[in-house]
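Topology and contacts: notes
One letter stands for each residue in the lines below.
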Amino acid sequence: MTYLQVSNVKISGITTCVPSRIEDNRELSGFSESEAYRIIESTGIREKRVVDEGVTPSDLCVKAAEYLIKGLQWDREDIDCLIFVSTNRDYLQPTTSCVIHDRLKLKESCYVLDVPCGCPGWIYGLNVMGTFLQTGQLKKGLLLVGDTSTKMNYSFDKSTRPLFGDAGSATAMEFCECSPVMSFSFSTVSSGWREIITLDGGARNPFSKESLIPKDMGDGYCLRPVDCSMNGMNVFAFSLSTPPKVVNELLSHFSVDINNIDYFLCHQANKYIVDKIRKKVGVRSDIVPLSLDTFGNTSNASIPLTIVSRCKDDFKYKKLNVLAVAFGTGLMCGAVNLQTECIFNDLIEY
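Model, not experiment: these values are computed from the prediction. (Residues numbered from 1 in each chain as written. Predicted model: local features only at pLDDT ≥ 70, side-chain atom pairs only at ≥ 80, totals over all residues. Heavy atoms only, no water.)

One recurring pattern in soluble globular proteins is that nonpolar side chains are buried together. Judged by nonpolar contacts, the single largest core of 40 residues is most densely connected at Trp122, Ile123, Leu143, Met173, Met182 and Phe315. Ignoring anything within four residues of it in the chain, the contact list for Ile123 reads Phe184, Phe186, Ile303, Ala324, Val325, Ala326, Gly334, Ala335 and Val336. The next biggest cluster of nonpolar side chains, apart from the first, holds 33 residues, and it includes Phe164, Leu250, Ile261 and Ile273. (Core = buried A, V, L, I, M, F, W, Y, C linked by side-chain atoms within 4.5 Å. Buried < 20%, exposed > 50% of the residue type's maximum accessible area, 1.4 Å probe, protein only. Contact = heavy atoms within 4.5 Å.)

Have a look at this one:
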């Protein structure tokens, strides 16, 4: 387990952008009525948002960032750092953070970085950005986190299509002396790196015409090498075992009292997994908000999306003690305990 702390950094605002197009799991083509309702009952996911053709995570994140900058009345000349966290970059080269930097018209001295991280990406991004800001050499930063998972999965893959939705987020962070410490714990079960994988398109297996040929995976499932594949049972086992351990180790190592937590924010994998993690950590169900019912599993944007869609007023007007955990591709898991105060936040559509 890795334990890290970040001091003198606060979160000033969060905006999440989702596509306006809704896909209802009860109306999916290729699924019988009984299949659809079985999926909804087992996962808790009734519908999700899906981007139109040609829309990328950076598009969603840029719109969220523009809204956030305006809402906070930030001067773009004061933004010292931009981090983009996504598994869906715009191009193989250059880094998407450079593209976003140009679109947002930030100053040349603004530090930019891509972090290719999936579901745990928001928590990993908080740590990276916080580390850059905590010395005060950089004062303000934008953490942009998002994925368009519906474009990574084959439309005929019944194991993933009902689960994933699209979203992009922008989190404003800034150096602030005497801000409460953010405490992190991280774990990497790298023996499971094959469990969530896109085989073709990288340097190991370059894209070819065979990359687009669907293969019968059995039980009515088809998959192309260019699509993201997931070993559901192994990922499920990881999700039930590692996240509670990472959270409980954080609580123990940093002497955090679970009874003082106002919100437990869990990556929105599915309702069953969230509920099992909640019980293993030992928190009440009423402090564990769910956004997956209407947005699905939105990968690395699921925690900021849950904040703005389910906890908006509390985060805007109250001081909160928050515990969060996210897990997925890698297989990676991260948890954070942080205190917030009057965060500007909102949910917008693309």
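Further notes follow.
Strands belonging to one sheet form pairs held by backbone hydrogen bonds; the direction of such a pair is parallel or antiparallel. Spatially, six strands are ordered 6-5-7-8-2-17 in an open sheet, and the strand pairing comes out mixed. In the strand order of this sheet, the two ends are held by strand 6 (111-115) and strand 17 (344-349), each with one partner. Geometrically, the sheet is characterised by an average inter-axis angle of 15° between neighbouring strands, direction not taken into account. In terms of strand pairing, strand 7 (residues 140-148) meets strand 8 (residues 166-175) through nine bridges, oriented antiparallel. Note that in strand 8 the partner of Gly146 across the bridge is Gly168. Against the sheet, helix 2 (residues 57-72) engages strand 2 (9-18), strand 5 (81-85), strand 7, strand 8 and strand 17, with an angle of about 40° to strand 8. Where helix 8 (residues 302-310) meets the sheet, its contacts fall on strand 2, strand 8 and strand 17, and the angle it forms with strand 2 comes to roughly 85°. (Pairing = 2+ DSSP bridges. Helix = DSSP H or I, 4+ residues; strand = E, 2+ residues; numbered from the N terminus. Axes fitted to C-alpha atoms, helices over the stretch in contact; angles between N-to-C directions.)

Below, the discussion takes up the side chain of Ser86. Looking at the element boundaries, Ser86 is found in the loop between strand 5 and helix 3 (96-103). Separated by 2.9 Å, the side chain of Ser86 and the backbone nitrogen of Asn88 make a polar contact. Polar side-chain contacts of Ser86 include one of 2.7 Å to the backbone oxygen of Gly146. Setting aside residues no more than four positions away along its own chain, Ser86 makes contact with Pro57, Val115, Pro116, Cys117, Gly146, Asp147 and Asn300. (Polar contact = N/O pair within 3.5 Å; in protein donor to acceptor, adjacent residues only side chain to side chain.)

What follows is about the pairing of strand 15 (residues 319-328). Across the 10 residues that make up strand 15, a large majority, nine, are buried. With four bridges joining them, strand 14 (residues 263-266) and strand 15 adopt parallel strand pairing. Paired with Phe264 across the bridge in strand 15 is Leu323. In terms of strand pairing, strand 15 meets strand 16 (residues 332-341) through 10 bridges, oriented antiparallel. Note that in strand 16 the partner of Ala326 across the bridge is Gly334. Between strand 15 and strand 16, which pair antiparallel and follow one another directly, the connecting turn spans three residues, one of which, Gly330, has a positive phi of 140°.

Quick look at the sheet that holds strand 14 now. Ordered by their spatial adjacency, five strands build an open sheet running 1-9-16-15-14, and the pairing between neighbours is mixed. The open sheet has two edge strands, strand 1 (2-6) and strand 14, and neither has a second partner. Direction aside, the axes of adjacent strands within the sheet are offset by 15° on average. Sitting on the sheet, helix 4 (residues 121-133) touches strand 1, strand 9 (182-188), strand 15 and strand 16, and the angle it makes with strand 9 is about 125°. Where helix 6 (residues 271-281) meets the sheet, its contacts fall on strand 14 and strand 15, and the angle it forms with strand 14 comes to roughly 135°.

Attention now goes to the packing of helix 5 (residues 232-253) against helix 6. At their nearest, the axes of helix 5 and helix 6 sit 9 Å apart, and the two run at 35° to each other. Helix-helix and strand crossings are classified by hand; for helix 5 and helix 6 the assignment is right-handed. Along its contact with helix 5, which presents Phe236, Ser239, Leu240, Pro243, Pro244, Val247, Asn248 and Leu251, the element helix 6 presents Tyr272, Ile273, Lys276, Ile277, Lys280 and Val281. Residues that form the contact of helix 5 with helix 6 fall into these classes: 10 nonpolar, two polar and two charged. (Left-handed = near helix turned anticlockwise from the far one by under 90°. Nonpolar A, V, L, I, M, F, W, Y, C, P; charged D, E, K, R; others polar.)

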